[in-house]
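Tertiary structure, described
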Amino acid sequence: MSAGTIRSLFLGDAQADRVVPPSGFTAQLTLFASGAMAFLAVFALALSLAAGRLADRWADELARAATLRISASADQRPAQTRAALEILRQTPGVASVRALSDQEQAALLAPWFGVDLPIEELPVPQLIEVIEGEPGYDAEGLRLRLAAEVPGAVLDDHTRWRRPLVEAATSLRRLGLVSILLIGGATAAMITLAANAALAANAQVIEVLRLVGARDRYIAQAFVRRFTLRALVGAGVGMALGMLAIALLPEASDAGGFLTGLGFVGAGWLVPLAIPLLGAVVAFLATGIAARRRLQELS
């Protein structure tokens, strides 16, 4: 839109505004459709941004972490653990290593076996946490050395289950963006129907305006302005209600996982402010196209 077009949308023409009925079915349909779609767009946007944050966090944190599992008899496990720790500390690209204590391993198994698990009586393998540094270590070379010097050691760099998680989160982000596009398309369709209904209802008024010298551009601009402002107001209300609903959602927590933390973070709260403007642009384009086509049919 040019500056002159934007100015004319807000200032308008009092006489031209009389062409479009200020209330009725078309007004209610435009306000409701734009408000409802803006409300849904806020949630789709929140889902997309949250999924993006989740994918980035999984890709960053899990890519730098690995687990070394030592499965050996109770009398050989301490010696193999010390040998594995020494090998890991000597490996270039390994930032830090740490053998998990019995209490930490019991906490990992607690969700499945309960908090009273007698871990010292069970053949639970020793776990060693490996944090990768920069530029990283040679995983295959490390596996070969461990196989030769620590027979019971198995290195798991989480690749098998890290990639599906990241891909799932990325797919959710794409789904959110596609949903926003579909919402925009549905909004355009509803506003087009409302504009066509208003144009058809005012066919006789349009004919009179033409007889007194009004041009089609003048008539179309009246419809475009009215429906654009209606969409802007409706989308603004829907956006406000959507942001309020997002603000009332539970905050991010480790216990809740992905089901929490679906809200916006930091400057992300400013992103939904673009929804009413985009709704107005969609209404401007949809009403303009509908008005031109309808006026051509009435010619």
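In what follows, the accompanying structure is described. Because the structure is a prediction, the values reported are computed rather than measured.

Calculation notes
- Each chain carries its own residue numbering, running from 1 in the written order of its sequence.
- Only residues with pLDDT of at least 70 get local features here, since the model is predicted, and only at 80 or more are side-chain atom pairs given and counted; chain-wide, interface and lining totals rely on the full set of residues.
- In computing side-chain values, all of the structure's heavy atoms are included and hydrogens and water are not.
- Here a helix means four or more residues in a row that DSSP labels H or I, a strand means two or more in a row labelled E, and each is numbered from the N terminus.
- Throughout this description, buried means an accessible area under 20% of the type-specific maximum (1.4 Å probe, protein chains only), exposed means over 50%, and partly exposed covers the range between.
- Here a residue-residue contact requires only that any non-hydrogen atoms of the pair lie within 4.5 Å.
- Put simply, two rings from Phe, Tyr or Trp (the six-membered ring, in Trp's case) pair if the centres are within 6.5 Å, and we call them stacked under 30 degrees between planes, edge-to-face over 60, tilted for the rest.
- Any Lys NZ or Arg CZ that is within 6 Å of a ring centre and within 35 degrees of that ring's normal is treated as a charge sitting over the ring.
- The span one expects for a helix is its residue count, reduced by one, times 1.5 Å.
- Starting at the helix axis, one direction is taken to each C-beta atom, and the arc is that of these directions.
- Should DSSP find at least two bridges between two strands, the strands are taken to pair.

With respect to the overall build of the protein chain
The secondary structure content of the protein chain amounts to ten helices and four strands. Going from N to C terminus, the protein chain has its helices and strands arranged as α-α-α-β-α-β-α-β-α-β-α-α-α-α. With 299 residues in all, the protein chain has 39% of them scored as buried. A separation of at least 24 residues holds for 84% of the contacts in the protein chain among residues at least 6 apart in sequence.

As for the packing of aromatic side chains
Counted by the stated rule, this structure contains two aromatic pairs. Here F39 and F43 contribute two aromatic rings whose centre-to-centre distance is 5.1 Å and whose plane-to-plane angle is 50 degrees, an arrangement assigned as tilted. Taken as a pair, F39 and F43 lie in helix α3 (residues 25–63) at a separation of four residues, close to a single helical turn. F43 gets classed as partly exposed once you look at its relative accessible area, which sits at 31%. Centroid distance F264 to W269: 5.3 Å. Interplanar angle 65 degrees. Geometry classified as edge-to-face. You can call F264 buried: its relative accessible area is 5%. Seen from the ring of F227, R230 lies directly overhead, with NZ or CZ sitting 5.0 Å from the centre.

Topic: helix α4 (residues 77–90)
Between its first and last C-alpha, α4 extends 20 Å over 14 residues, near the 20 Å set by a 1.5 Å rise per residue. When α4 is considered as a whole, its buried residues turn out to be R77, Q80, T81, A84, L85, I87 and L88. The buried residues of α4 occupy an angular sector of 165 degrees when projected down its axis, which confines them to one face. For α4, the exposed residues set more than 90 degrees away from the buried face come down to R82 and R89. Residues of α4 that are buried make contact with β1 (65–70), β2 (94–99), β3 (126–132), α6 (139–149) and β4 (153–156).

Concerning the pairing of β1
For a regular strand, the rule is simple: side chains alternate between the two faces of the sheet. As judged from the six bridges shared by β1 and β3, these two strands associate in the antiparallel manner. Bridge pairing links R69 to L127 in β3. With four bridges connecting them, β1 and β4 associate as antiparallel partners. Bridged to I70 within β4 is A153.

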